[in-house]
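Understanding the architecture of this molecule
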Amino acid sequence: MIDLVTRSALELRDLVAAGEVSAVDVATAHLERIHATDERVGAFLRTLDDEALAHAADIDRRRAAGEDLGMLAGVPLAVKDLLCTRGVETTAGSRILADYRPPYDATAVIHAREADAVIIGKTNMDEFAMGSSCENSAFFPTRNPWDLGRVPGGSSGGSAAAVAAFQAPLALGTDTGGSIRQPASLCGLVGVKPTYGLVSRYGLIAFASSLDQIGPFARTVVDAAELLTVIARPDPRDSTSIPKPPPNLLAGLDDGADGLRVGVVAEFFGDGLEAGVRTRVTEAVERLAGLGADVVEVSLPHAPYGLPAYYLIAPSECSSNLARYDGVRYGLREEGATSAAMMAATRGAGFGTEVKRRLMIGTYALSAGYYDAYYAQAQRVRTLIARDFDAVFANCDVIVGPTAPTAAFPLGAKTDDPLAMYLNDIYSVPASLAGIPAMNLPVGLDDDGLPVGLQLMAPMLDEPVMLRVARALEAAVGFATTPRGPEALEAPAAA
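Heads up: these notes are all about the structure in this document. Every chain begins its residue count from 1, and numbering advances along the sequence as written. Given that the model is predicted, a residue must reach a pLDDT of at least 70 before its local features are reported, and side-chain atom pairs must reach 80 or more before they are shown or counted; all residues, however, enter totals for whole chains, interfaces and linings. The basis for the side-chain values is all heavy atoms of the structure; hydrogens and waters are excluded.

**Structural notes on the sheet that holds strand S10 (residues 438–445)**
Selection criterion: Note on pairing: two strands pair once DSSP finds at least 2 bridges between them. Numbering of helices and strands runs from the N terminus; a helix is a DSSP stretch of H or I covering at least four residues, while a strand is a stretch of E covering at least two. Convention adopted: a line fitted to C-alpha atoms gives each axis, helices being fitted over their contacting stretch, and angles between N-to-C directions are expressed from 0 to 180 degrees. Every residue pair with non-hydrogen atoms within 4.5 Å of one another is taken to be in contact.
Spatially, 11 strands are ordered S1-S3-S2-S4-S6-S5-S10-S11-S9-S7-S8 in an open sheet, and the strand pairing comes out mixed. The strands lining the two open edges of the sheet, one partner per strand, are strand S1 (44–47) and strand S8 (294–298). The sheet shows a mean angle of 30° between the axes of neighbouring strands, taken without regard to direction. Taken together, the 3 bridges between strand S5 (residues 190–193) and S10 define a ladder with antiparallel strand orientation. What sits directly across from Lys193, in S10, is Ala438. Of the strands in this sheet, S1, strand S2 (76–80) and strand S3 (118–123) are in contact with helix H2 (residues 23–41), which crosses S1 at around 135°.

Rendered as structure tokens:
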């Protein structure tokens, strides 16, 4: 029997299309993998065994009948629990939404189903996408498959861990300030945050509406490009959706990096960058030069102000978005003598510590007398950062730097120090504030054998050139998704 769980998404699709394996076989292999390993990894909040097998059986029936199949037919897909799935519990990793079953699918989920991707489960996450380690889930932490004593990153840590653990070849995550790119870096995966508005946010439980984006996790650049192609399209139900067809994300994917100008961000190589990360990223940049790219140093002078600006803008938007969780309409309800007491009791019991922290920061930043000093000033900084990117892209096709300042760190190492945790986003938030596409590409291992990621960034809607450069570098680096192989998870979790 072909080892189905280690195959790429496109290999699985082609095997199913050719009738060499059935979609049911593929789904069964991945569900068995989840049930054998997830007690140790904690990537999934719930699996959808019956639904997945039924969809897979329908794909097999249609293939046998000669009917057309979608471009991801038979490929298992894990979905972050921030995306609504009709009739399936969707919690955003929070007790305040325990038992909530949406009456509709998110647009990205609809497109995935139409492409015949087989949704096998909903993945764990930091509550309401607020975190960088997947330790803020209201239910349990997720562990990094490379080292079960370390974090997978966050907030999309469950999606990243599922792909890294060979529980799914593809996953959907969300990225507000780095929540796809940072866990992709820590778990040795390709992870893409698209241009803001390229993928519909309809059905995405909102954290910070001007920043949130849905994107893919995969083990190869081509797989990620295929999934992004499936979900990227206009949507009239999302007012921030770009109202025109997306660029052809697969065009020129194998054209290489020769002749392209690549900018290396000077500000991303300062204090706080681990030596092992610096070494692998520097080597990757040298490989780009060897591929014929014109590599130059560039400056984003306002990038160091991105982190404080982000941690004013995002909490401010979340304080507005999360006001809807009041115990009245849906989700958790705690009783109280008055409506105000009921709401206070509901929010006190339903929200975790990190969510409460950000709600208080955001409410304060928006309050009378402080709005101009904090929120409005942060928005002005955001504009300056966007202008910095515009100036650099006037002379560069893509820009690069490390995705995260460190490799995966031990579970519990930063939970008592929110500022240390927030610093994990220092290189990822500038692209989020500017709304440009950005992605992680694994480029090697540090001295502890943990993955290191390179971040690539491109002008708005220039995903094709970003993916083209990533594809060329991927081939040159030859990164092994996991040199230990799937059997690494047979070891018990670290204490």
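Once you've had a look at it, read on.
**Section: the layout of surface pockets**
Our working rule: As defined here, a cavity is a set of points on a 1 Å grid over the protein atoms alone where a 1.4 Å probe fits but cannot get out. A pocket is an open set with protein on both sides within 12 Å along at least five of seven lines, and residues line them when an atom is within 4 Å of a point. Grid points are joined across faces, edges and corners, and a volume is the space filled by probe spheres set on the points. Only Asp, Glu, Lys and Arg are considered charged, only Ala, Val, Leu, Ile, Met, Phe, Trp, Tyr, Cys and Pro nonpolar, and every remaining residue, Gly among them, polar.
Of the voids in this model, the largest pocket is the one considered here, and its volume is about 270 Å³. Going through the elements one at a time, helix H10 (339–350), helix H11 (353–366) and helix H13 (418–422) are the ones with two or more residues in the lining of the largest pocket. Here the lining of the largest pocket takes 5 residues from H11, the largest share from any one element. The class makeup of the residues in the lining of the largest pocket is 7 nonpolar, 8 polar and 7 charged.

**Examining the pairing of S5**
The criterion, for reference: Buried, partly exposed and exposed residues are distinguished by accessible area as a fraction of the type maximum, computed with a 1.4 Å probe on protein chains only: under 20%, between the cut-offs, and over 50%, respectively.
Burial along S5 is two-sided: the residues Val190 and Val192 and Gly191 and Lys193 are all buried. Two elements, S5 and strand S6 (residues 213–218), share 2 bridges in a ladder whose sense is antiparallel. Counted as the bridge partner of Val190 is Ala218 from S6.

**Here's the deal with the pattern of salt bridges**
Selection criterion: The salt bridge criterion pairs a side-chain nitrogen of Lys or Arg with a carboxyl oxygen of Asp or Glu, the two atoms within 4 Å.
Enumeration over the complete set of coordinates arrives at 22 salt bridges. Note that Glu335 is salt-bridged to Arg333, the shortest N-O span being 3.1 Å. Glu354 serves as the salt-bridge partner of Arg358, at 2.7 Å between the closest nitrogen and oxygen. A residue pair is termed a helical-turn pair when its members lie 3 or 4 positions apart in one helix, as Arg358 and Glu354 do in helix H11 at 4 residues. With a relative accessible area of 3%, Arg358 lands in the buried category. Residue classification places Glu354 among the buried positions, given a relative accessible area of 10%.

**Looking at the environment of Val88**
Turning to its location among the elements, Val88 is positioned in the loop between S2 and helix H4 (107–114). Classification of Val88 as buried rests on a relative accessible area of 10%. Setting aside chain neighbours within four positions, we find Val88 in contact with Arg46, Leu48, Tyr100, Arg101, Pro102 and Lys122.

**Regarding unusual backbone geometry**
Keep in mind that most residues, glycine aside, have a negative phi and that most peptide bonds are trans. Omega for the bond connecting Gly154 with Ser155 falls within 30 degrees of zero, at 10°, which places this linkage in the cis form. Along the chain, Ser155 turns up in the loop between S3 and helix H5 (157–164). One non-glycine residue, Cys134, lies in positive phi territory at about 60°. In this structure, Cys134 sits in the loop between S3 and H5. A positive phi angle, close to 65°, is found at Leu461, a residue other than glycine. Mapped onto the fold, Leu461 is located in the loop between strand S11 (451–457) and helix H15 (463–477). With relative accessibility at 24%, the residue Leu461 sits in the partly exposed group.

That is the geometry; function is a separate question.
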